[in-house]
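Per-entry structural report
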Amino acid sequence: LYLHGQSFSRIENLEEYVNIKALWLQSNFLQQIEGLSHMTNLRVLHLHSNRISSLKGLEALTSLDTLNLSINTLHNLEGIGMLKQLSTLY
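Each chain carries its own residue numbering, running from 1 in the direction its sequence is written. A pLDDT threshold of at least 70 governs which residues receive local features in this predicted model, and a stricter bar of 80 or more applies before side-chain atom pairs are shown or counted, although totals over entire chains, interfaces and linings include all residues. The side-chain quantities take in all heavy atoms of the structure and omit both hydrogens and water.

A short note on the pattern of salt bridges
What makes a salt bridge here is a side-chain nitrogen of Lys or Arg within 4 Å of a carboxyl oxygen of Asp or Glu, nothing more. Summed over all chains, the structure comprises two salt bridges. Between Arg10 and Glu34 there is a salt bridge, and its shortest N-O distance comes to 3.2 Å. Of this pair, Arg10 sits in the segment before strand E1 (22-24) while Glu34 sits in the loop between E1 and strand E2 (44-46), and the two are 24 residues apart along the sequence. Helix and strand assignments follow DSSP, with helices taken as H or I runs no shorter than four residues and strands as E runs no shorter than two, numbered in order from the N terminus.

See the structure below:
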């Protein structure tokens, strides 16, 4: 699902997309990761070029194997260990 560059400030109204495997949300104005907990089959998540400062909100995404968080305001990667399937991190 391609939602990049849409000037979103929040992740919302995606509840019907429970079985998607990849989500592109880069180049928005996101400050936090939210509204994705129902996407337990998600494998690829692109959140680069936003304003995200915390990994909070990724807890339920245990199928993630690729995560791009580059060009954000992250201060640390606390909690990244919960993503056991993660093999690629940007």
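Observations regarding the packing of aromatic side chains
Any two rings among Phe, Tyr and Trp, with Trp reduced to its six-membered ring, count as a pair given centres within 6.5 Å; such a pair is stacked if its planes are under 30 degrees apart, edge-to-face if over 60, and tilted if neither. The tally for this structure, following the rule as stated, stands at one aromatic pair. Seen in terms of ring centroids, Tyr2 and Trp24 are 4.4 Å apart; in terms of plane orientation they differ by 20°. Their pairing is stacked. Within this pair, whereas Tyr2 is found in the segment before E1, its partner Trp24 is found in strand E1, the two being separated by 22 residues in sequence.

Brief notes about the sheet that holds strand E4 (residues 88-89)
With respect to topology, four strands assemble into an open sheet ordered E1-E2-E3-E4, the strand pairing being parallel. The open sheet is flanked by E1 and E4, the only strands paired with a single partner. The pairing of strand E3 (residues 66-68) with E4 spans two bridges and is parallel. Its bridge partner being in E4, Leu67 is matched across the sheet by Leu89. We treat two strands as partners when DSSP finds at least two bridges between them.

Observations regarding the nonpolar core
Residues belong to one nonpolar core when they are buried, are Ala, Val, Leu, Ile, Met, Phe, Trp, Tyr or Cys, and are joined through side-chain atoms within 4.5 Å. Only protein chains enter the accessibility calculation, which uses a 1.4 Å probe; a residue whose area is less than 20% of its type maximum is buried, one above 50% is exposed, and one in between is partly exposed. Among the nonpolar cores identified, the biggest contains 22 residues, and Leu23, Leu36, Leu45, Leu47 and Leu58 are the most heavily contacted of them. With near-sequence residues (within four places) excluded, Leu58 lies in contact with Ile33, Leu45, Leu64, Leu67, Met82 and Leu83. Any two residues having at least one pair of non-hydrogen atoms within 4.5 Å are treated as being in contact.

Some points on unusual backbone geometry
Even without a glycine there, the phi angle at Ser7 is positive, about 65°. One non-glycine residue with positive phi stands out, namely Ser49, at about 60°. Its place among the elements puts Ser49 in the loop between E2 and E3.

Limitation: the analysis is restricted to geometry and does not speak to function.
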